[in-house]
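Architecture and fold: a report
Residues per chain, in single letters:
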Amino acid sequence: MQTIEKWKQFDDIQSENFCDVDDETRSDMEYIDLSLNIERFTGYSGVSTQRIWSAIYNENCFFLPESKLYYNLRQKRLNADKLCLEGRTFYRLISGLHSSISIHLCAQYFFPSVGGGYSGSDGRWGPNLDEFRRRFDPETTDGEGPGWLKNLYFIYLIELRAIYKARDYFHSQNYFTGNQTDDIHTKQLLTENLFQQIQPFANYFNENDLFKNGNEELKADFREHFRNISRIMDCVGCDKCKLWGKLQVQALGTSLKILFAESPIQLQRSEIVALINGFTQLSTSIYRLEHSFKTCLRNHIEL
Ligand SMILES: Cc1cc2nc3c(=O)[nH]c(=O)nc-3n(C[C@H](O)[C@H](O)[C@H](O)COP(=O)(O)OP(=O)(O)OC[C@H]3O[C@@H](n4cnc5c(N)ncnc54)[C@H](O)[C@@H]3O)c2cc1C
């Protein structure tokens, strides 16, 4: 048993993973239907969320010369300017993911009925324009909001490129839905429709600009700090937020694995599921931004 544990540790160190991938054979594993548990407002907020976001952003501080705490609202711009390209990329990916989560909760916000609370079913769900403005308007974010929204497009393009880069791998896979017609349809949607649609945008980001001159140490650090973020997700104190948070961090980790892989791409089933669903969340956020919050964008926020 100890030997197997050692092998596993060795494999983990060697692995090109950016996230710890959960073991699907564990007996306490549960299957969740994502379509029944959509990402939306949960009311999760306060000191706990501040601690989590702060811990996530502070994984970025290893890029700073003085290793100062990164997460400081007032100093954020100052610190971001001091970062190298890899550091800025790391920050923009996290910020883009944060924007996507915020957009989802603003787009599917819960308005309790008069006298009702957040927990009851008595109320309605819908977009909350005031909440969106509070989170992204330059006036309420020290001018940072529009930049955070641009970071959403950044992470979207990176995941898009990763999916496109792995197209041959996706072509070679079998898809099991439990229904043969759906299996064929799923493969068709992915390998024909999706790839065709994303192909024109697949070169907007070039991963070869990062870790130039074979900077392997920086790449290993980048990977390790990203792994720390995937571990921080286990501390999220709201089950639905944790579900979507973990899934989307794994989607990003899988994208980075594809983009920076030195050996032929090899993905686990859960990585493929996370990547496709995570990318869907980012696309949905962009759709929401351009539809539900169009008036805010036009009248207050310039991208
Ligand atoms: C992993 C995770 C998943 C979550 N999922 C959900 C969910 O599904 N539903 C839900 O209702 N809540 C969710 N939450 C909580 C949600 O993200 C907020 O933390 C919460 O709504 C409180 O918001 P806030 O106004 O305090 O600002 P927060 O969103 O907590 O942000 C804290 C600070 O970070 C900075 N900031 C904000 N956005 C960005 C950005 N895009 N880029 C850079 N800096 C930024 C600002 O200075 C802000 O004050 C989740 C939290 C975490 C950590």
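Residues numbered from 1 in each chain as written. Predicted model: local features only at pLDDT ≥ 70, side-chain atom pairs only at ≥ 80, totals over all residues. Heavy atoms only, no water.

According to the UniProt record, the Cofactor (unreviewed entry) comment for the protein chain reads "FAD". Under the heading Sequence similarities (unreviewed entry), UniProt records this for the protein chain: "Belongs to the EROs family." (UniProt positions renumbered as here; feature names shortened; annotations may be inferred.)

**Notes on the overall build of the protein chain**
Across its full length, the protein chain carries 12 helices and two strands. Overall, the protein chain shows an N-to-C arrangement of helices and strands of α-α-α-α-β-β-α-α-α-α-α-α-α-α. In the protein chain, which comprises 303 residues, the proportion classed as buried is 43%. Looking at the protein chain alone, contacts between residues at least 24 apart form 70% of all its contacts between residues at least 6 apart. Carbon and sulfur atoms make up 50% of the accessible area of the protein chain, which totals about 17100 Å². (Helix = DSSP H or I, 4+ residues; strand = E, 2+ residues; numbered from the N terminus. Buried < 20%, exposed > 50% of the residue type's maximum accessible area, 1.4 Å probe, protein only. Contact = heavy atoms within 4.5 Å. Areas by Shrake-Rupley, 256 points an atom, 1.4 Å probe, with all protein chains shown as cover.)

**As for the packing of aromatic side chains**
This structure, assessed with the given rule, holds 17 aromatic pairs. Geometrically, the ring pair formed by F90 and F226 is edge-to-face, given 6.4 Å between the ring centres and 80° between the ring planes. Here F90 is found in helix α4 (residues 85-107), whereas its partner F226 is found in helix α9 (residues 216-232), with 136 residues between them in sequence. No difference in accessibility class separates F90 from F226, as the two residues are buried. Between Y169 and F170, the ring centres sit 6.3 Å apart and the planes meet at 70°, which makes this aromatic pair edge-to-face. F170 matches Y169 in its accessibility class, with the two residues each being buried. Put simply, the rings of F90, F211, F222, F226 and F260 pair up and form one aromatic cluster. Positioned above the aromatic ring of F111, the side-chain terminus of R124 is 4.3 Å from the ring centre. If you follow R167 out to its NZ or CZ, it ends over the ring of Y164, 4.0 Å from the centre. (Phe/Tyr/Trp six-rings, centres within 6.5 Å; stacked < 30°, edge-to-face > 60°. Lys NZ or Arg CZ within 6 Å of the ring centre and 35° of its normal.)

**Notes on the pattern of salt bridges**
One pass over the structure, following the stated rule, counts 10 salt bridges. Across the salt bridge formed by E131 and R134, the nearest N and O atoms sit 2.9 Å from each other. Of this pair, E131 and R134 both sit in helix α5 (residues 129-136), three residues apart, which is roughly one turn of the helix. Among the residues examined, E131 registers a relative accessible area of 12% and is labelled buried. Residue K219 is joined to E262 by a salt bridge in which the shortest nitrogen-to-oxygen separation is 2.6 Å. One end of the pair, K219, is in helix α9; the other, E262, is in the loop between α10 (239-260) and α11 (269-291), and 43 residues separate them in sequence. (Salt bridge = Lys/Arg side-chain N within 4 Å of Asp/Glu carboxyl O.)

**Things to note about the UniProt feature "active site" (unreviewed entry) in the protein chain**
Those places that UniProt annotates as "active site" (unreviewed entry) correspond, in this numbering, to C238 and C241. Not counting the four nearest positions on each side in its chain, C238 is found in contact with T42 and Y44. When sequence neighbours within four positions are dropped, the list of residues in contact with C241 reads T42, Y44 and V236.

**Observations concerning unusual backbone geometry**
A positive phi is found at D142, a non-glycine position, where the angle reads about 55°. Looking at the element boundaries, D142 is found in the loop between α5 and α6 (145-165).

**Some points on the nonpolar core**
Residues I56, I103, F132, L149, F170, F226 and L256 are the most contacted members of the largest nonpolar core, which totals 69 residues. In terms of residues, this core owes the most to one element, α6, which gives 10 residues. The contact partners of L149, leaving out residues within four places of it in the chain, are S99, I103, F132, F136, L289, L297, I301 and L303. (Core = buried A, V, L, I, M, F, W, Y, C linked by side-chain atoms within 4.5 Å.)

**Brief notes about α9**
With 17 residues, α9 extends 24 Å between its outermost C-alpha atoms, agreeing within 8% with the 24 Å of an ideal straight helix rising 1.5 Å per residue. Of all the residues in α9, the buried ones are L218, K219, F222, R223, H225, F226, R227, I229, S230 and I232. (Expected span 1.5 Å × (residues − 1).)

**Notes on the UniProt feature "binding site: FAD" (unreviewed entry) in the protein chain**
With numbering aligned to this structure, UniProt lists the feature "binding site: FAD" (unreviewed entry) at R40, T42, W53, S95, H98 and R135. Once residues lying within four places of it in the same chain are set aside, the contact partners of R40 are H104, L105, Q108, W125 and K240. A distance of 2.8 Å separates a polar atom in the side chain of H98 from a polar atom in the side chain of Y57. (Polar contact = N/O pair within 3.5 Å; in protein donor to acceptor, adjacent residues only side chain to side chain.)

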